[in-house]
Amino acid sequence: MARKDIPGQASLVFDVALLDLHNPKDGISIENKVVPENCERQSQTGDFLRYHYNGTLLDGTFFDSSYSRNRTFDTYIGQGYVIAGMDEGLLGVCIGEKRRIVVPPHLGYGEEGRGNIPGSAVLVFDIHVIDFHNPSDSISITSHYKPPDCSVLSKKGDYLKYHYNASLLDGTLLDSTWNLGKTYNIVLGSGQVVLGMDMGLREMCVGEKRTVIIPPHLGYGEAGVDGEVPGSAVLVFDIELLELVAGLPEGYMFIWNGEVSANLFEEIDKDGNGEVLLEEFSEYIHAQVASGKGKLAPGFDAEMIVKNMFTNQDRNGDGKVTAEEFKLKDQEAKHDEL
């Protein structure tokens, strides 16, 4: 209203709706905290936090929500990646905690505002913390049960069969071998699972049950798995080891269980023509395994191992092995043939 429109000596009446108010000295305020009973750790500067939020003005006007995007807001905290008020308000939270953070404008978007946020507006964020981790975190292992005889422990190269439930820290189930009705089978240390899982399955005995918590940098990272695992998610695996087949010494794919015949080449070369073909070689190796005289590395394709062994012996690549080419592993340490 312009002053020229107001008659002289007029009494004025203003109907005012107070939207918000603040003092430049105000800090943030934390309200309506709902903290889980089990809070073993609180967030601190440098942690990476995933949370959901609804953002409103003090009068309840909605301006943003992570729920509407069906994706958490993910950020490092205490390092200036978000507005100062949220940076402060997200410190000291527990996983699963809900709280309201009220942010004055000088700790929010200031006098200018942003998008549909008015200038000098007091902001209200209702948040739910899904999980957080620190880049320096390793895995966490909690053993719930060990059988009376727990002397044989898993190690690199062993073939394992195990059941698991995989979930997020908020309890959301991602996958379960129990539900599928079949075990998950891997060779430990061969890169068949994420690094955190490989670490979590070490030094475990058959029958043992444990929970392994894996931070994302040892799991599926920032990308996650599309449609299955959210990016930057902390994962929880409840594991039961059902079977362990001992692996071979590192660097070996086949070993002898006893003394090696002094006439090994002649035994393989059944037709005595001085040349061994792949078929002869494969038949002989499988016969040794069947009789218990030899052992192939468990968990791998047996035919592929034998073919690789044969290829290592076939030094000139002509499809056959001669006595001159034939060597045992201890005769040439760079190869893994026999």
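Here, every reference points to the structure presented above.
Predicted model, so just to flag it, every value in this text is computed and none were measured.

J.: So what's going on with the overall build of the chain? Which residues, and what values?
T.: When helices and strands are counted, the chain shows six helices and 16 strands. In terms of overall dimensions, the chain is more spread out than a globule: its C-alpha atoms have a radius of gyration of 33 Å, far above the 20 Å expected for 338 residues. If you line up the chain on its principal axes, its C-alpha atoms span 125 × 50 × 35 Å. Within the chain, contacts between residues separated by at least 24 positions form 67% of all contacts whose residues are at least 6 apart in sequence. Here the chain displays about 19100 Å² of accessible surface, and carbon together with sulfur accounts for 50% of that area. A distance of 4 Å separates the average location of the 29 positive side-chain charges in the chain from that of its 52 negative side-chain charges.

J.: Now, about helix α6 (residues 302–313): what can you tell me, with residues and values included?
T.: Spanning twelve residues, α6 covers 17 Å between terminal C-alpha atoms, matching the ideal 16 Å at 1.5 Å per step. Within α6, the full set of buried residues consists of Ile305, Val306, Met309, Phe310 and Gln313. An end-on view of α6 places all buried positions within 135° of arc, on one side of the element. Considering only its buried residues, α6 is in contact with β13 (254–256), β14 (275–276), α5 (278–291), β15 (294–296) and β16 (321–322). By the N-cap criterion, in which a side-chain oxygen at the helix start approaches the backbone nitrogen of a residue two or three places on, α6 is capped by Asp301, the distance to Glu303 being 2.9 Å.

J.: Which residues make up unusual backbone geometry, and what values go with them?
T.: For residues besides glycine, phi is generally negative; the peptide bonds are generally trans as well. One non-glycine residue, Gln9, lies in the positive phi region at around 60°. Here Gln9 shows up in the segment before β1 (29–34). The residue Ser120 is not glycine, and still its phi comes out positive at about 60°. Position of Ser120 relative to the elements: it lies in the loop between β5 (98–103) and β6 (123–133). Given the relative accessible area of 30%, Ser120 is considered partly exposed.

J.: Quick one: what's the story with the environment of Met199, residue by residue and with numbers?
T.: Along the polypeptide, Met199 turns up in helix α3 (residues 195–200). Separated by 61 residues in sequence, Met199 and Ser138 place their C-alpha atoms 9.6 Å apart. Look past the residues within four positions of Met199 in its chain and what remains in contact with it is Ser138, Ile139, Ile141 and Leu218.

J.: Could you give an account of the packing of aromatic side chains, naming the residues involved and the relevant values?
T.: Applying the stated rule across the entire model yields 14 aromatic pairs. With 6.2 Å between their ring centres and 80° between their planes, Tyr53 and Phe73 make a pair best called edge-to-face. Of the two residues, Tyr53 is situated in strand β2 (residues 48–57) and Phe73 in strand β4 (residues 73–76); the sequence distance between them amounts to 20 residues. Look at Phe73 and you get partly exposed, because its relative accessible area is 30%. Summarising the aromatic geometry, the rings of Tyr53 and Phe125 are spaced 5.9 Å apart at their centres and angled 70° between planes, so their arrangement reads as edge-to-face. Separated by 72 residues along the polypeptide, Tyr53 in strand β2 and Phe125 in strand β6 bring together distant segments of the chain.

J.: I'd love a proper account of α5, names of residues and values included.
T.: The end-to-end C-alpha distance of α5, which contains 14 residues, comes to 20 Å, matching closely the 20 Å that a straight helix rising 1.5 Å per residue would cover. Here α5 has its buried residues at Glu280, Phe281, Ser282, Tyr284, Ile285 and Gln288. If you follow the buried residues of α5, they end up packed against β13, α4 (264–268), β14, β15 and α6. In the segment just after α5, Gly292 is the residue with positive phi, at about 85°.

J.: Summarise the state of the cysteines; cite the residues concerned and give the values.
T.: As used in these notes, a disulfide is a covalent bond between sulfur atoms, one from each of two cysteines. All chains considered together, the criterion is met by two disulfides. For Cys39, the disulfide goes to Cys94, at an S-S distance of 1.8 Å. Disulfide Cys39 to Cys94: torsion about the S-S bond roughly -90°, handedness left-handed. Highlighted residues: Cys39 in the loop between β1 and β2 and Cys94 in the loop between α1 (84–89) and β5, separated in sequence by 55 residues. What makes Cys39 partly exposed here is its relative accessible area of 29%. A sulfur-sulfur distance of 2.0 Å marks the disulfide that ties Cys150 to Cys205. Every disulfide takes its handedness from the sign of the S-S torsion; for Cys150 and Cys205 that torsion is -100°, giving left-handed. Here the residue Cys150 occupies a position in the loop between β7 (140–145) and β8 (159–168), and Cys205 occupies one in the loop between α3 and β11 (209–214), the gap between them amounting to 55 residues. Assessed through its relative accessible area of 22%, Cys150 is described here as partly exposed. In the chain, the bonded cysteines, numbered by position in the sequence, are linked as 1-2, 3-4.

Parameters and conventions
Counting from 1, residues in each chain are numbered in the order their sequence is written. With pLDDT at 70 or above as the cut-off, local features in this predicted model cover only qualifying residues; side-chain atom pairs require 80 or more to be listed or tallied, and sums for whole chains, interfaces and linings still use all residues. To obtain the side-chain values, all non-hydrogen atoms of the structure were used and water was disregarded. Helix and strand labels come from DSSP, where a helix needs a run of H or I of at least four residues and a strand needs a run of E of at least two; each type is numbered from the N terminus. The globule rule used here is 2.2 Å times the number of residues to the 0.38 power, and the radius of gyration it is set against is calculated over C-alpha atoms. The contact criterion used throughout is that any non-hydrogen atoms of two residues lie within 4.5 Å. Values of accessible area rely on a 1.4 Å probe in the Shrake-Rupley scheme; residue burial ignores everything except the protein chains shown. For the charge count, each Lys or Arg is scored as positive and each Asp or Glu as negative, with His and the chain ends excluded. A single reference atom marks each charge: NZ on Lys, CZ on Arg, CG on Asp, CD on Glu. One less than the residue count of a helix, multiplied by 1.5 Å, gives the span that helix is expected to have. Summary of the burial criterion: residues with accessible area below 20% of their type's maximum are buried, those above 50% are exposed, and those between are partly exposed, where the area comes from a 1.4 Å probe applied to protein chains only. The arc in question is the one traced by the directions running from the helix axis out to the C-beta atoms. Whenever a nitrogen or oxygen atom comes within 3.5 Å of another N or O atom, the pair is scored as a polar contact, on the condition that within protein one atom can donate a hydrogen and the other can accept it, and that pairs from neighbouring residues in sequence are kept only if both atoms are in side chains. Stacked, tilted and edge-to-face are the three classes applied to pairs of Phe, Tyr and Trp rings, where Trp contributes its six-membered ring and a pair requires centres within 6.5 Å; stacked means planes under 30 degrees apart, edge-to-face means over 60, and tilted covers the rest. The definition used for a disulfide is geometric: two cysteine sulfur atoms within 2.5 Å.

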